[in-house]
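One letter stands for each residue in the lines below.
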Amino acid sequence: MSVRKENYSRFRDDIKKRWDLVAKPLDSLGEFENITAKIGAIQGTVIPKIDKRAIIVMCADNGVVDEGISQSGREVTLAVAKSMGKGKSSVCKMADVCGADVIPIDVGIDCDEAIEGVINKKIRRGTRNFAITPAMEMEEMYKAIRVGIDIVGDCKKKGYTILGTGEMGIGNTTTSTCVAAALLQIKAKEIVGRGAGLSDEGLMKKEKIIDETIMKYNLYEADPINVLAHAGGFDIAALVGVIIGGAIHRIPIVLDGIITAVAALVAVRILPQTANYIIPSHLGKEPSMRKIYEEIGLNGIIHANLALGEGTGAVMMFPLLDMIMNVYKDQTTFDEIEVEQYRRF
C-alpha cells in the first residue's frame, strides 16, 4: 500500500528544495509549501497535478437523532442529498467555480427511494440509536469502509488527481464528537459543540448522551474499530474508507470539517501511515477540530469559523492550491530579478 517511505521523503525534500529557488523569502508561503511537497510526495513527482478534482460526499442518517440532539429532523438529510444530486446545494455551487465535480453517495439515508444524481451504496436506512444499542454491526461498518475505498479506486481510474471529502447527515456532529471523545479519552464537555444550532438545554443533553454512551460501551478502553462501530455513522465509516483509499491509490485527500476530521483520526489510529495522505482545509467551528488536528499532526489552513459541512471547506482549498501551484510551477528565479538567492543557515 502507498508510496515507499524513502521515495515519499525524497520527493517531499526535492519539492522543498525547488521552493527555495523561487524568488521570494524562504518558507514565506508557509503551510502551502509543505502541502505542495506532501501532494508531490503522494503522487511521486516534483510537479504535482491537481487539475482533475472532486468532492466525495457521504450521506447517511443517524439513529441517535431520536434522542433530540439536533434541531433538525432526519428528513433534512434526504432533502440536501436531493439538492446535491441536482447540483444545487452549497458545495455544488462552490465546486462550479473551481472546476470540481461533486460525487454524492447514499451510504445510509433513511429512505427507500433512488435519489437522482446520487450514487446508491446504501448499507441500511440509517444507523441504530447508539444510546440504546451499538450504531452498526461490524459487517455493516466494514461494508461502509469498503464503499469509501472503492470510490477512491474508481476516481483513480477516471484520472482524478486530488479528492476532497464531505458529508451530509443530521446528527453527525453527535456521532463524530462521541467517537472523538472516546479516542482522545476526554469528556464530552471539552469538545462538544452546538452542531446546526442547539439550545443550551439541547447542548447539555447532547453532552450527557455522549458521556453515557462512552461509559455504556466502555469506549475509552476500546480499539478504534469498536469505537466506530458502537458510536459512529455510515458516513464516518465510509470516509475512513476514502482516507485509506487515498493511501492505497496514491491520491491526496482533503479534509473538510469535524466529521471528516474524526474519520481521519479513526483512519490514522487504524493505519498510522494514512496521515501522509491527508491534506487539511479549515479549522472548523466545532471545539474538537483543534485537538484532532494536533493529534494527527495537521494545521488548519482556513480560519473562518466554518461549520456548513458538505465538503464546502475542502472545496475552498482547490483555488488556493491552484494559486500556489502557479507560483511553484512557473517559477520566477532570483537570477531573473537580479537578486541574490536566500540561503539556509
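All values derive from a computational prediction rather than experimental measurement.

What counts as what
- Residues numbered from 1 in each chain as written.
- Predicted model: local features only at pLDDT ≥ 70, side-chain atom pairs only at ≥ 80, totals over all residues.
- Heavy atoms only, no water.
- Helix = DSSP H or I, 4+ residues; strand = E, 2+ residues; numbered from the N terminus.
- Rg over C-alpha atoms; globule rule 2.2 N^0.38 Å.
- Buried < 20%, exposed > 50% of the residue type's maximum accessible area, 1.4 Å probe, protein only.
- Contact = heavy atoms within 4.5 Å.
- Areas by Shrake-Rupley, 256 points an atom, 1.4 Å probe, with all protein chains shown as cover.
- Lys, Arg positive; Asp, Glu negative; His and termini not counted.
- Charge placed at Lys NZ, Arg CZ, Asp CG, Glu CD.
- Pairing = 2+ DSSP bridges.
- Salt bridge = Lys/Arg side-chain N within 4 Å of Asp/Glu carboxyl O.
- Polar contact = N/O pair within 3.5 Å; in protein donor to acceptor, adjacent residues only side chain to side chain.
- Axes fitted to C-alpha atoms, helices over the stretch in contact; angles between N-to-C directions.
- Parallel < 35°, antiparallel > 145°, perpendicular 65-115°, else oblique.
- Nonpolar A, V, L, I, M, F, W, Y, C, P; charged D, E, K, R; others polar.
- Left-handed = near helix turned anticlockwise from the far one by under 90°.
- Core = buried A, V, L, I, M, F, W, Y, C linked by side-chain atoms within 4.5 Å.

Take the overall build of the protein next. Of the regular secondary structure elements, the protein holds 13 helices and six strands. Computed over C-alpha atoms, the radius of gyration of the protein comes to 20 Å, within 12% of the 20 Å expected from 2.2 N^0.38 for 345 residues, which places it in the range of a compact globule. If one aligns the C-alpha atoms of the protein with their principal axes, the spans along those axes are about 70 × 40 × 35 Å. Counting across all 345 residues of the protein, residues that qualify as buried make up 56%. When contacts within the protein are restricted to residue pairs at least 6 apart in sequence, those whose partners lie at least 24 apart make up 77%. Entry remark: accessible area of the protein is about 14600 Å², with carbon and sulfur atoms responsible for 49%. In the protein, 42 positive and 45 negative side-chain charges are present, and the distance between their average locations comes to 3 Å.

A separate point is the pairing of strand E2 (residues 100-108). The element E2 is largely enclosed, with a buried count of seven among its nine residues. Strand direction decides the pairing type here: strand E1 (residues 53-60) and E2, joined by eight bridges, are parallel. Residue Ile56 lies in a different strand from E2, and its bridge partner there is Ile103. Judged from the two bridges that link them, E2 and strand E3 (residues 119-120) form a sheet pairing that is parallel. Opposite Ile105, over in E3, you have Ile119 as the bridge partner.

A few words now on the pairing of strand E4 (residues 162-168). Summarising burial for E4: seven of the seven residues are buried, a large majority. Relative to E4, E1 is paired through seven bridges, and the arrangement is parallel. In the sheet register, Val57 faces E4, and the bridge partner there is Gly166. For E4 and strand E5 (residues 253-254), the ladder comprises two bridges, and the chain directions are parallel. Paired with Leu163 across the bridge in E5 is Ile253.

Time to look at the pattern of salt bridges. Enumeration over the complete set of coordinates arrives at 17 salt bridges. Between Asp110 and Arg74 there is a salt bridge, with the nearest N and O atoms lying 3.3 Å from each other. Linking Asp110 in the loop between E2 and E3 with Arg74 in the loop between E1 and helix H3 (75-85), this pair joins segments that are 36 residues apart in sequence. Between Arg125 and Asp110 there is a salt bridge; the shortest N-O distance is 2.7 Å.

The next thing to look at is the environment of Met138. One can find Met138 in helix H5 (residues 138-157). Sequence-distant contacts of Met138, defined by excluding residues within four places in its chain, comprise Ile225, Asn226 and Ala229.

It is worth spelling out the side chain of Arg53 at this point. Assignment of secondary structure puts Arg53 in strand E1. A distance of 2.8 Å separates the side chain of Arg53 from the backbone oxygen of Cys98, its partner in a polar contact. The residues contacting Arg53, other than those within four sequence positions of it, are Cys98, Gly99, Ala100, Asp101, Tyr160, Ile162, Phe318 and Asp322.

Let's shift gears to the packing of helix H8 (residues 224-231) against helix H10 (residues 258-270). Each pair of packed helices can be described by the angle between their axes along with the distance between the axes. Following both chains from N to C, one finds H8 and H10 inclined at 150°, their axes separated by 9 Å at the closest point. With respect to H10, the element H8 is oriented roughly antiparallel. Judged by residue contacts, Pro224, Ile225 and Leu228 of H8 engage Val266, Arg269 and Ile270 from H10. Across the contact of H8 with H10, the residue classes tally to five nonpolar, no polar and one charged.

What the six strands build is an open sheet, ordered E3-E2-E1-E4-E5-E6; its pairing is parallel. Of all strands in the sheet, those bounded by a partner on one side alone are E3 and strand E6 (278-279).

Another aspect to go through is the packing of helix H9 (residues 234-249) against H10. Their axes nearest at 8 Å, the elements H9 and H10 cross at an angle of 60°. As judged from the angle between their axes, H9 and H10 are oblique. Relative to H10, H9 is oriented so that their crossing is right-handed. Facing Asp235, Ile236, Leu239, Val240, Ile243 and Ile244 of H9, the residues of H10 in contact are Ile259, Thr260, Val262, Ala263, Ala264, Val266, Ala267 and Ile270.

If you check the backbone angles, Asp27 has positive phi at about 60° while not being a glycine. For Asp27, a relative accessible area of 43% gives the class partly exposed. Positive phi, normally seen in glycine, also occurs at Arg250, with a value near 60°. You can see Arg250 is positioned in the loop between H9 and E5.

Counting 116 residues, the largest nonpolar core has Ile56, Met58, Leu163, Leu228 and Ile292 as its most contacted members. With 10 residues, the top contributor of residues to this core is H10. Beyond its immediate stretch of four places on either side in the chain, Ile292 contacts Ala180, Leu184, Ile258, Ala261, Val262 and Leu265. Phe11, Ala41, Ile42 and Ala247 belong to the second-largest nonpolar core, a separate cluster that totals six residues.

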